[in-house]
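For reference, the chains in residue letters:
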Amino acid sequence: MVQSSILGFPRIGGQRELKKVTESYWQGKVGVNDLLSKGKELRSHNWKLQKEAGVDVIPSNDFSYYDQVLDLSLLFNVIPDRYTKFELAPIDVLFAMGRGLQRKATDSTPAVDVTALEMVKWFDSNYHYVRPTFSHSTEFKLNTEAGLKPVDEYLEAKALGIETRPVIVGPISYLYLGKADKDSLDLDPISLLDKILPVYKQLLAKLKEAGAKEVQIDEPILVLDLPKEIQAKYADAYKALAGSDVPEIVLATYFGDVRPNLSAIKGLPVSGFHFDFARVPEQLDEVVAALGDKQTLSVGIVDGRNIWKTDYSKASAFVAKAIEKVGKDRVVVSTSSSLLHTPVDLQNEKKLDATIKDWFSFATQKLDEVVVLAKNASGEDVSKELAANAQSIKSRQESSITTNPKVQERLATVNESLSTRKVPFAERLPSQQTKYNLPLFPTTTIGSFPQTKDIRINRNKYTKGELTAEQYEEFINKEIETVVRFQEEIGLDVLVHGEPERNDMVQYFGEQLEGYAFTTNGWVQSYGSRYVRPPIVVGDVSRPKAMTVKESVYAQSITDKPMKGMLTGPVTCLRWSFPRDDVSQKVQALQLGLALRDEVQDLEKAGITVIQVDEPAIREGLPLRSGKERSDYLNWAAQSFRVATSGVENDTQIHSHFCYSDLDPNHIKALDADVVSIEFSKKDDANYIQEFSNYPNHIGLGLFDIHSPRIPSKEEFISRIEEILKVYPANKFWVNPDCGLKTRGWEETKASLTNMVDAAKHFRGKY
Ligand code: MET
Ligand SMILES: [Zn+2]
């Protein structure tokens, strides 16, 4: 019998239950018991769902209140000292590491003020993990203060009558994805392997004691270009872990091609491997050749990263090929990765066009997909399911919704001159300086201001038809005015309108572009309690009419300061959508570039001549391995940005913005934006800044963390700027936060920005 499995299920709940309860907990509206019992309820719901769908191998410990990597850090006691000195409850230590904590002293508790740990993209996905941060004083041990999460959750499922396979990130990936803390910069995390292995071993032994027969250990770094030294660690590490005192180990990789690292995993004492064949089907022959004769092969063929229905006929043929090679008993049909990256349930979509909806499959539907494929491979009769599936696949292939000849004709006109500004930066700069006459250390923000409850309520009312278009516009204009007046009051130089009309920086555009479908409830976790609702590219993309001009023009009309127009760049629109799988990403990005080019030019015509085109997702789209695919990507990514932005006059100032992860300075330079803001507050890396010192275009290095409610003082800003000035010149130095402020409250926003502007003024006095 061929078995079915999944590598993980979304934990947020079909109605974002996890977000609601976590945020209520942070606000002190509910207690820790409410939080914990909601978590339990969600886990139980998800396990039962999988059981009822007939999934054979059901994961546990895929749940998390914030991030599964952070959970491991807490469990292994990888907790920098700065988080332990306040005697916080374990769950609060977890949240403090994840998002920072600033709390006034009370009679019984001391004041707390700690920044968050660094948050980084999980491979090429839009999920973020909290980076394990090690120092010489890190003392690995099982931190049992809050129980032992993997064991407790295993037992919790068992009590419901559900046998599960606990999942944890493996030791080499865990260390490799981490970094040294500020106080221990000479420390190479991987050197800690021998110290962490016994703790992993202890944990595995406890799982075995609890009854777990098998664990899923994720080693996703095996799809990266790994240095030989790292590859070489696998053999000994897994020899140390495996044994009769621990459960069988299934080692899982995903998101890419494992072949260049096959030597690292060949012969490991594990019971089986999981590979991502949805992404890289070509690796089948070679990975099979590397298997031992008893090792199982988990065939990740149902895409955990996208929402398209699996083509049963293709997938079955693939599974059959795998079976032919290793036999039925050793094949498990699985999702390519955890389903964390897909929305919970298509059935929650009431508004999707029925034809299009029939092309999709969300996490809950993917459960049925692995089950049907496994049954089919086992010889059970699933002919009804196969026939229905064939019908949906055909309907999509033959649909006219997906093609627009006009878009395709225009795409053919894209060339070098369409993607290059009229003159180089050095010649644009003087005309921009004359036009805007900005002081040294010009201050600006990244775009969004707090998305208050009031904004959400009014947007909701408008969506439901309870507000007319005029009423809603009036409301938005009032919000814009508040934001504009505040910025004038504290003396910011280049203003923004605050983006109150936008639910999300990608969805907002997706909803206005042709070729897109969007969901009402298709939430996916991005980080912590922040979820996004990616729109879906279903066909050729075009822009029927202006998308942002009205709000920007209104904002400009009420101030004399320059008003920055705000757009989301083509690559980010694509990366934060579910892309088509029937045409290349390059084609989709260039189509978006053309649509945005029209928007940029419409803004310019309307008098908005500072225009920011955000590209925070360029980095995450970078193919995980170096080589042709990566260099091609960099070319088309930069080109689509330039297609969008190069049609403007010399004195129009193009800004761009990057956040979330280290982007190679060369990739930023390839965009030729006049001003670039880069998230920087948690980086502390002088070498990185240095890369820009000889770059003529202007840079704003993010000066404070917008993911945290904490307020940096003016002095803190000053010393931060002083640090940067040691390696970066004052004459092209912009002053701005890390990113947009939409997730923050007004109180901290006001205080932080005021301090930031005051610090800029301090330096103007000195230069
Ligand atoms: C994730 S980048 C966000 C940029 C956007 N303009 C904002 O301020 O919200
Ligand atoms: Zn950002």
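- The chain is annotated in an unreviewed UniProt entry as 5-methyltetrahydropteroyltriglutamate--homocysteine S-methyltransferase of Debaryomyces hansenii.
- In its Pathway (unreviewed entry) section, the UniProt record describing the chain reads: "Amino-acid biosynthesis; L-methionine biosynthesis via de novo pathway; L-methionine from L-homocysteine (MetE route): step 1/1."
- Regarding the chain, the UniProt comment filed under Function (unreviewed entry) reads as follows: "Catalyzes the transfer of a methyl group from 5-methyltetrahydrofolate to homocysteine resulting in methionine formation."

1. As for the overall build of the chain
Logical step 1: Regarding its fold elements, the chain presents 28 helices and 24 strands.
Logical step 2: Dimensions along the principal axes, computed over C-alpha positions, put the chain at roughly 75 × 65 × 50 Å.
Logical step 3: By residue count, 50% of the 767 residues in the chain fall in the buried class.
Logical step 4: For the chain, the share of sequence-separated contacts (at least 6 apart) that also reach a separation of at least 24 residues comes to 78%.

2. So, the sheet that holds strand β13 (residues 296–302)
Logical step 1: Taken in spatial order, the eight strands of this open sheet run β1-β14-β13-β12-β11-β10-β8-β2, and their pairing is parallel. Every other strand in the sheet has two partners, leaving β1 (3–5) and β2 (58–60) as the edge strands with one partner each. Each adjacent strand pair in this sheet contributes to an overall mean axis angle of 30°, direction not counted.
Logical step 2: Where helix α12 (residues 312–326) meets the sheet, its contacts fall on β13 and β14 (331–335), and the angle it forms with β13 comes to roughly 170°.

3. Regarding the site of ligand 1
Logical step 1: I446, G447, S448, P616 and G740 are the nearest of the 13 residues found near ligand 1.
Logical step 2: Across the shell around ligand 1, the residue classes break down as six nonpolar, four polar and three charged.

4. A few points about the sheet that holds strand β22 (residues 675–678)
Logical step 1: An order of β19-β20-β21-β22-β23-β24 is seen for the six strands of this open sheet, with the pairing classed as parallel. What marks the edges here is a single partner per strand, and that holds for β19 (564–568) and β24 (733–734).
Logical step 2: Where strand β20 (residues 610–614) lies against strand β21 (residues 653–658), five bridges are found, and the strand directions are parallel. The residue bridging Q612 from the neighbouring strand is H655, located in β21.

5. Considering the domain arrangement of the chain
Interface size is commonly expressed as the accessible surface area that is lost when the partners come together.
Logical step 1: When its domains are assigned, the chain resolves into domain 1 (1–15 + 275–399), domain 2 (57–80 + 114–270) and domain 3 (428–452 + 484–511 + 547–765).
Logical step 2: Summarising the inter-unit geometry, the C-alpha centres of domain 1 and domain 2 are found 26 Å apart.
Logical step 3: Listed per partner, the contact involves 26 residues of domain 1 and 23 residues of domain 2.
Logical step 4: Those elements that place two or more of their residues in the side of domain 1 that touches domain 2 are β1, β12 (272–276), α11 (284–290) and β13.

6. Observations concerning the UniProt feature "binding site: Zn(2+)" (unreviewed entry) in the chain
Logical step 1: The UniProt entry lists H657, C659, E679 and C739 under the feature "binding site: Zn(2+)" (unreviewed entry), expressed in the numbering used here. For the residues just named, distributed over 83 residues, the greatest C-alpha separation is only 8.2 Å, placing them together at one site.
Logical step 2: Tracing the backbone shows C659 in the loop between β21 and α25 (665–669).
Logical step 3: Apart from residues lying up to four places away in sequence, C659 is in contact with P616, E679, D738 and C739.
Logical step 4: Relative to the helices and strands, E679 is located in the loop between β22 and α26 (686–693).
Logical step 5: For E679, the contacting residues outside a window of four places in its chain are F658, C659, Y660, G702, D738 and C739.

7. Quick look at the UniProt feature "binding site: 5-methyltetrahydropteroyltri-L-glutamate" (unreviewed entry) in the chain
Logical step 1: The UniProt entry lists K19, N126 and W576 under the feature "binding site: 5-methyltetrahydropteroyltri-L-glutamate" (unreviewed entry), expressed in the numbering used here.
Logical step 2: Here K19 is to be found in helix α1 (residues 17–26).
Logical step 3: By the C-beta count within 10 Å, which is 17 here, K19 ends up partly exposed.
Logical step 4: Residues contacting K19, with those up to four places away along its chain left out, are I12, S529 and Y531.
Logical step 5: Its location among the elements puts W576 in the loop between α22 (570–575) and α23 (585–605).
Logical step 6: On the basis of neighbour counts, which here come to 26 C-beta atoms within 10 Å, the residue W576 falls in the buried class.
Logical step 7: Once residues lying within four places of it in the same chain are set aside, the contact partners of W576 are N126, V506, V532, P534 and A617.

8. So, the nonpolar core
Logical step 1: By size, the foremost hydrophobic cluster in this structure holds 200 residues, and its most contacted members are M97, V333 and L373.
Logical step 2: Ignoring anything within four residues of it in the chain, the contact list for V333 reads V2, S4, V299, I301, V319, V370, L373, A374 and A377.

9. Some words on helix α28 (residues 746–766)
Logical step 1: A rise of 1.5 Å per residue sets the reference length of α28, with its 21 residues, at 30 Å; its end C-alpha atoms lie 31 Å apart and thus fit the reference within 8%.
Logical step 2: Of the positions making up α28, those classed as buried are T749, S752, L753, N755, M756, V757, A759 and A760.
Logical step 3: Against α19 (469–490) and α27 (714–725) lie the buried residues of α28.

10. Quick notes on the pairing of strand β8 (residues 164–169)
One face of the sheet, then the other: side chains in a regular strand alternate in exactly this way.
Logical step 1: For β8, the tally of buried residues reaches six of six residues, placing the bulk of the element in the interior.
Logical step 2: Of the two faces of β8, the one lined by T164, P166 and I168 and the one lined by R165, V167 and V169 are each fully buried.
Logical step 3: Here β2 runs beside β8; their pairing, made up of three bridges, is parallel. Of the residues in β8, the one forming a bridge with I58 is T164.
Logical step 4: Of the pairings in the sheet, the one linking β8 to strand β10 (residues 214–218) comprises three bridges and is parallel in character. Bridge pairing in β10 links V167 to Q216.

11. Some words on the environment of F658
Logical step 1: Examined against the element boundaries, F658 turns out to sit in strand β21.
Logical step 2: With 26 C-beta atoms packed within 10 Å, F658 lands in the buried category.
Logical step 3: In sequence terms F658 and P132 are 526 residues apart; their C-alpha atoms lie 22 Å from each other.
Logical step 4: Setting aside residues up to four positions removed in sequence, F658 forms contacts with E615, P616, I618, R619, L663, I668, V676, I678 and E679.

12. Description of the confidence of the model for the chain
Logical step 1: Per-residue confidence for the chain gives a mean pLDDT of 96, with 100% of residues at or over 70.
Logical step 2: Reported confidence for the predicted complex is 0.99 by ipTM and 0.93 by pTM.

Scoring rules and cut-offs
Each chain carries its own residue numbering, running from 1 in the direction its sequence is written. Chains carry letters and ligands carry numbers; both start at the beginning, A for chains and 1 for ligands, and go up in the order they are written. Note on the predicted model: pLDDT of at least 70 is required for a residue's local features to be given, and 80 or more for side-chain atom pairs to be given and counted; whole-chain, interface and lining totals, by contrast, use all residues. UniProt positions are given in the numbering used here, feature names are shortened, and annotations may be inferred rather than shown by experiment. What counts as a helix is a DSSP run of H or I of at least four residues, what counts as a strand is a run of E of at least two, and both are numbered from the N terminus. To sort residues by exposure, count the other C-beta atoms lying within 10 Å of each residue's C-beta; 20 or more gives buried, 12 or fewer gives exposed, and values between give partly exposed, all with C-beta atoms placed from the backbone. Our contact criterion uses C-beta atoms placed from the backbone: two residues qualify when those atoms are within 7 Å. Strands qualify as paired when DSSP identifies two bridges or more between them. What counts as an axis is a line fitted to C-alpha atoms, over the stretch in contact for a helix, and the angles between N-to-C directions run from 0 to 180 degrees. In this analysis, residues qualify as near a molecule or strand once their C-beta atom, positioned from backbone atoms, comes within 6 Å of it. Residue polarity follows a fixed list, in which Ala, Val, Leu, Ile, Met, Phe, Trp, Tyr, Cys and Pro are nonpolar, Asp, Glu, Lys and Arg are charged, and the others, Gly among them, are polar. Where each domain starts and ends follows an automatic or database-derived domain assignment. Joining buried Ala, Val, Leu, Ile, Met, Phe, Trp, Tyr and Cys residues through C-beta atoms within 7 Å gives a set, and that set is a nonpolar core. Given a helix with a known number of residues, its expected span is that number minus one, times 1.5 Å. One confidence number per residue, pLDDT, is output by the predictor and ranges from 0 to 100.

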